[in-house]
Amino acid sequence: MTVEKLNRREVVKKLISNRANLLIISGLGSPTYDLHDAGDNNQNFYLWGAMGGAAMMGLGLALSQPEKSVLVVTGDGEQLMGIGALATISVQMPKNLTIAVLDNEHFGETGMQKSHTGYGVDLVGIAHSSGFPISQELTNMSDIEVARDDILLNNGPMFLNIKINSQSPDRSLPTLDGVELKNRFRTSLKSQ
Amino acid sequence: MSDSKQHQIITSWEENLFNALKQAGVKQLPYVPDAGHSKVIDMAHKDPDIRPVVLTTEEEGVALCCGAWLGGEKSVLLMQSSGVGNCINMLSLISNCNFPFVTIITMRGEFGEFNSWQVPMSSATQGSLELMGLNVQRVEERDDVGPTVAAALYSAYSSDQRIAILLSQKLIGSKKW
């Protein structure tokens with residue numbers, strides 16, 4: 001019997017369902033649409049470009065806000081482009097940072113070409129051997145529920161590779177205005 | 001006083017650079033090493049108030065600086081001229097979001113360079129940065145390093161400007177082979 005892979009929208013909704021003061025950065029493409037679909041929030045920063053930069057942006061944010069939990073939600077292709085970030089993050093060891101990769105094993109935005117993970121590259125192993133104290137593959141919704149609570153414990157850095165199916169749901173588009181995204185994020189942090 | 005030692009500069013350009021970072025309140029210092037930056041990197045590793053972040057590639061530092069400012073911290077990216085080419089697409093993050101940004105770049109491939117492989121990217125460094133919308137300030141004199149860094153940090157963090165400071169190879173001294 002084959003186990004059905006997770007739905008990306010359900011995964012992201014569940015993963016941030018008790019977000020409280022969680023700060024979230026999404027990688028370009030579908031993770032940005034997934035995060036927006038789960039509910040817009042001033043403390044969401046959606047990337048529309050800068051491929052390979054999501055995890056590092058998360059690191060800069062996590063280091064500057066050590067009391068808050070920071071979540072980066074990105075795709076396998078985006079993380080692979082910035083794969084060195086896993087080494088850089090491990091050297092800094094920020095306890096409050098989680099990198100969650102929505103791994104559909106494809107470049108979904110560009111015609112569903114198979115990505116490296118589709119050919120067997122093991123992101124969990126790379127994160128583990130880079131030095132992440134927690135590096136897990138998640139394949140069912142009860143895993144997601146546990147991870148959701150772990151994100152807020154600040155016992156990381158934590159790397160989560162979430163195996164999802166390769167369906168592309170309808171796009172849910174946040175504003176493209178990067179200045180607005182930056183300003184609203186910073187304003188909401190200052191007001192807390 | 002006839003003793004010429006009275007006229008010696010008492011602080012090095014590296015100390016002046018580091019002091020400018022400290023006085024501006026820079027908290028995160030991402031870098032890919034260069035011999036020209038080595039003293040500043042050492043100073044950062046010994047200072048409890050500034051966090052040096054060693055990178056695997058320079059573009060990581062661009063994204064890190066943007067994340068740091070989202071969270072309210074100032075940062076400066078240190079690299080050598082060959083690293084500028086690695087940053088090009090990531091610099092679109094700076095212009096799309098109008099992030100404040102200061103990078104200090106030690107130049108290779110322009111003065112007494114032994115290694116010709118450093119030359120093509122060196123020649124394209126200033127043009128590449130300008131094409132991506134950065135204001136480029138070139139420093140030739142050691143006494144100008146501290147004030148230029150201080151001025152760049154002030155401009156960047158008072159009104160979201162993006163500035164690259166190039167430290168000439170003549171200033172830092174060419175690598176001995």
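Attention here is on the structure that accompanies the text. As the structure is a prediction and not an experimental result, all values here were calculated from the model.

Calculation rules
- Residues numbered from 1 in each chain as written.
- Chains lettered and ligands numbered in written order.
- Predicted model: local features only at pLDDT ≥ 70, side-chain atom pairs only at ≥ 80, totals over all residues.
- Heavy atoms only, no water.
- Helix = DSSP H or I, 4+ residues; strand = E, 2+ residues; numbered from the N terminus.
- Buried < 20%, exposed > 50% of the residue type's maximum accessible area, 1.4 Å probe, protein only.
- Contact = heavy atoms within 4.5 Å.
- Areas by Shrake-Rupley, 256 points an atom, 1.4 Å probe, with all protein chains shown as cover.
- Lys, Arg positive; Asp, Glu negative; His and termini not counted.
- Charge placed at Lys NZ, Arg CZ, Asp CG, Glu CD.
- Phe/Tyr/Trp six-rings, centres within 6.5 Å; stacked < 30°, edge-to-face > 60°.
- Lys NZ or Arg CZ within 6 Å of the ring centre and 35° of its normal.
- Patch = residues over 30% accessible without salt bridge, like charges linked within 9 Å, V, L, I, M, F, W, Y side chains within 5 Å.
- Salt bridge = Lys/Arg side-chain N within 4 Å of Asp/Glu carboxyl O.
- Pairing = 2+ DSSP bridges.
- Axes fitted to C-alpha atoms, helices over the stretch in contact; angles between N-to-C directions.
- Buried area = accessible area lost by both parts, 1.4 Å probe.
- Polar contact = N/O pair within 3.5 Å; in protein donor to acceptor, adjacent residues only side chain to side chain.

### Notes on the overall build of chain A
Of the regular secondary structure elements, chain A holds eight helices and eight strands. Dimensions of chain A along its principal axes, counting C-alpha atoms only, are 50 × 35 × 30 Å. Classification of the 192 residues of chain A by burial places 55% in the buried group. Taking the intrachain contacts of chain A between residues at least 6 apart in sequence as the baseline, contacts between residues at least 24 apart amount to 75%. Within the structure as shown, chain A displays about 7,800 Å² of accessible surface, and the carbon and sulfur contribution to it stands at 51%. Across chain A, 16 positive and 20 negative side-chain charges occur, with their mean positions spaced 6 Å apart.

### What to know about the packing of aromatic side chains
All told, the structure shown has four aromatic pairs over all chains when counted by the stated rule. Arranged with centres 6.3 Å apart and planes meeting at 50°, the rings of Phe 45 of chain A and Phe 99 of chain B form a pair that is tilted. Within this pair, whereas Phe 45 of chain A is found in strand β2 (residues 44-46), its partner Phe 99 of chain B is found in the loop between α5 (91-97) and β5 (101-106), the two belonging to separate chains. With a relative accessible area of 0%, Phe 99 of chain B lands in the buried category. Above the plane of the ring of Tyr 119 of chain A lies Lys 114 of chain A, whose end atom (NZ or CZ) is 4.6 Å from the centre. In this structure, Arg 186 of chain A packs its charged tip against the face of Trp 69 of chain B, placed 3.9 Å from the ring centre.

### Section: a nonpolar patch on the surface
On the surface, Trp 48, Leu 173 and Leu 176 of chain A cluster together into a nonpolar patch covering about 320 Å² of accessible area. Locating Leu 173 of chain A in the fold gives a position in the loop between β8 (158-163) and α8 (178-190).

### Re the sheet that holds β2 of chain A
Residue and element names in this part refer to chain A. Here six strands make up an open sheet; going across it, the order is β2-β1-β3-β4-β8-β7 and the pairing parallel. Because the sheet does not close on itself, it has two edges, and the strands there are β2 and β7 (134-138). This sheet shows a mean twist of 15° between the axes of neighbouring strands, independent of strand direction. Sitting on the sheet, helix α1 (residues 8-15) is in contact with β3 (70-75), β4 (97-103) and β8, with an inclination near 165° to β4.

### A word on the interface of chain B and chain A
When the parts of a complex come together, some accessible area is lost, and that lost area is often taken as the interface size. Counting residues at the interface gives 26 residues for chain B, matched by 27 residues for chain A. Around 2,100 Å² of area is buried between chain B and chain A when both sides are counted, 63% of it from carbon and sulfur atoms. When the buried surface of chain B facing chain A is broken down by residue, Arg 51, Leu 70 and Cys 97 of chain B rank first, second and third, together holding 26% of it. Counting every contact that joins chain B to chain A gives one salt bridge. Among the salt bridges present, the one from Asp 160 of chain B reaches Lys 182 of chain A, with a minimum N-O distance of 3.2 Å. Across the chain B-chain A interface, the total number found is twelve residue pairs in polar contact (both at pLDDT 80 or more). Every element with two or more residues in the side of chain B that touches chain A is listed here: β2 (51-54), α3 (58-70) and α5 of chain B.

### Observations concerning the pairing of β5 of chain B
All names here are of chain B. Counting buried positions along β5 yields six of six residues, so the element is predominantly enclosed. A two-sided burial pattern is seen for β5, the buried positions comprising Phe 101, Thr 103 and Ile 105 on one face and Val 102, Ile 104 and Thr 106 on the other. Examined bridge by bridge, strand β4 (residues 77-80) and β5 share four bridges and lie parallel to one another. Considered in β5, the bridge of Leu 78 is made with Ile 104.

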